[in-house]
Every structure is written in C-alpha cells, then in structure tokens.
Amino acid sequence: MATGFGYVRDEATGQYLRFPQQGTLAIEDDVEIGANTTIDRGALEETRIGAGSKLDNLVHIGHNCRIGKNVIIAAQTGISGSSVVEDGAILGGQVGIGEHALVGAGVILGGGAGVLSGKKLRGANEVFWGRPAQPLKQYLRDLAKLRKLS
C-alpha cells in the first residue's frame, strides 16, 4: 500500500502541495496480488479490491478505486484514481484507465487498451481494444480502413 498520489496546486505560486491521503484500503477474501504491484489507499474515502480478484505483477491501482469481485488484471496495467472496475471484468496487459472511468461488469479490455478519463464502457463479454478503447469490431474495421490508405 502506498500513500497515494495526491497534490493540490497553490494558485498563487503554481507549486504543487501534498494533499494528505487519509482514506483506507480494503482487500477482500481470496485476492491475489502479484510482485511489485502498488495499491494506493483512498484520498478521503476507500480503495477496495473485491473478493476473488487476481492482480498480476506490476499493476498500479490509484486512490479511491473500486475493483469488483473476480476481476482479472494482467501485468503493467494502470488504473487512475476514483475509477471503478465492476465484477468479472478482464483487463489485458498494459491497459491504461484514466481517472473517474468505469469498466462495466464482464467487460474485456484487450492488451494495451486505453480508457479515457470519465469514460464508461459497458457490455458483459464485449471485447474492447485500442486507444481509445472501442468495441473490437469497430477497432478492426478502423484498422482495415487505415491499411487501405497506405
């Protein structure tokens, strides 16, 4: 557990000042956490990892995040503060999720997918891919159009 990445900018000086992270961290039953994984405690609230979730090596979970039950998160994934990953979601390697985003129950994010801040992805068993993440069929269609341009 880390203290969290919390800073407030002083409007007069432009300097960043540390904002004390005073929230908590709750890790439910049967959670596995890989080597060199960091989980920030909540800023003022709680960071929670749901029962049965499995976090690979080198995962980062920011402050105030809520990770649901039976979520799989592969290596080198970063989840920014105050994001939610609902039950049964699968996050491939090197996924990046911006702050205040939501990954719905059962959503599958392919390796390297990027979820923009504030974005909501929903659809159990639907695969999203790319940066920004989009439904796999749309991603492949766009990729094919790009190939035709070259």
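Residues numbered from 1 in each chain as written. Predicted model: local features only at pLDDT ≥ 70, side-chain atom pairs only at ≥ 80, totals over all residues. Heavy atoms only, no water.

**Q** How do you make sense of the nonpolar core when you look at a structure like this?
**A** Grouped burial of nonpolar side chains is what soluble globular proteins tend to show. If you look at the biggest cluster of nonpolar residues, it comprises 25 residues, and the most contacted ones within it are Ile61, Ile73, Ile79, Val85, Leu91, Ile97 and Leu109. Contacts of valine 85, omitting those with residues within four sequence positions, involve Arg66, Ile67, Gly68, Val71, Ile79, Leu91, Ile97 and Val103. (Core = buried A, V, L, I, M, F, W, Y, C linked by side-chain atoms within 4.5 Å. Buried < 20%, exposed > 50% of the residue type's maximum accessible area, 1.4 Å probe, protein only. Contact = heavy atoms within 4.5 Å.)

**Q** How should I be thinking about the sheet that holds strand S11 (residues 78–79) in this particular structure?
**A** The strands making up a sheet are joined through hydrogen bonds of the backbone, oriented either antiparallel or parallel. Judged by pairing direction, the sheet is parallel, and its five strands sit side by side in the order S5-S8-S11-S14-S17 without closing on themselves. Across the chains shown, the open sheet's two edge strands, defined by having one partner strand only, are strand S5 (38–39) and strand S17 (114–115). Pairing of S11 with strand S14 (residues 96–97) involves two bridges; the strand directions are parallel. Looking at S14, one finds that glycine 78 is bridged to glycine 96. (Pairing = 2+ DSSP bridges. Helix = DSSP H or I, 4+ residues; strand = E, 2+ residues; numbered from the N terminus.)

**Q** Is there a simple way to think about the sheet that holds strand S20 (residues 134–135) in this case?
**A** Spatial strand order, S4-S7-S10-S13-S16-S19-S20: seven strands in an open sheet with mixed pairing. Two strands bound the open sheet, and with one partner strand each, they are strand S4 (32–33) and S20.

**Q** Honestly, a positive patch on the surface in this entry has me stumped. Any pointers?
**A** Taken together, the side chains of Lys137, Arg141, Lys145 and Lys148 present a region of like positive charge at the surface. The residue lysine 145 is located in helix H1 (residues 136–149) in this model. (Patch = residues over 30% accessible without salt bridge, like charges linked within 9 Å, V, L, I, M, F, W, Y side chains within 5 Å. Areas by Shrake-Rupley, 256 points an atom, 1.4 Å probe, with all protein chains shown as cover. Salt bridge = Lys/Arg side-chain N within 4 Å of Asp/Glu carboxyl O. Lys, Arg positive; Asp, Glu negative; His and termini not counted. Charge placed at Lys NZ, Arg CZ, Asp CG, Glu CD.)

**Q** Please clarify how the pairing of strand S6 (residues 46–49) should be interpreted in this entry.
**A** Successive side chains on a regular strand alternate, one facing one side of the sheet and the next facing the other. Of the two faces of S6, only the one carrying Thr47 and Ile49 is buried; Glu46 and Arg48 on the other face are not. Looking at chain direction, strand S3 (residues 24–27) and S6 are connected through four bridges and run parallel. Paired with alanine 26 across the bridge in S6 is arginine 48. Where S6 lies against strand S9 (residues 66–67), two bridges are found, and the strand directions are parallel.

**Q** What exactly am I supposed to notice about the pattern of salt bridges here?
**A** A side chain with one charge can pair with a side chain of the opposite charge if their charged atoms come near. Per the counting criterion, the structure on display carries five salt bridges. The partner of glutamate 28 in a salt bridge is arginine 48, with the nearest N and O atoms 2.7 Å apart. With glutamate 28 in the loop between S3 and S4 and arginine 48 in strand S6, this residue pair connects regions lying 20 residues apart in the sequence. Classification of arginine 48 by relative accessible area gives partly exposed; the value is 28%. A salt bridge links aspartate 30 to lysine 54; its shortest N-O distance comes to 3.4 Å.

**Q** Which parts of the structure should I look at to understand unusual backbone geometry?
**A** That bond from arginine 131 to proline 132 is cis: its omega, 0°, falls within 30 degrees of zero. Positionally, proline 132 belongs in the loop between strand S19 (127–129) and S20. Although it is not a glycine, asparagine 36 adopts a positive phi angle of roughly 60°. Residue placement: asparagine 36 occurs in the loop between S4 and S5.

**Q** Sorry if this is basic, but what is going on with the environment of isoleucine 39 here?
**A** By secondary structure assignment, the location of isoleucine 39 is in strand S5. In this structure isoleucine 39 comes out as buried when scored by relative accessible area, which is 5%. Taking C-alpha positions, isoleucine 39 is 6.2 Å from glycine 62, a pair spaced 23 residues apart along the chain.

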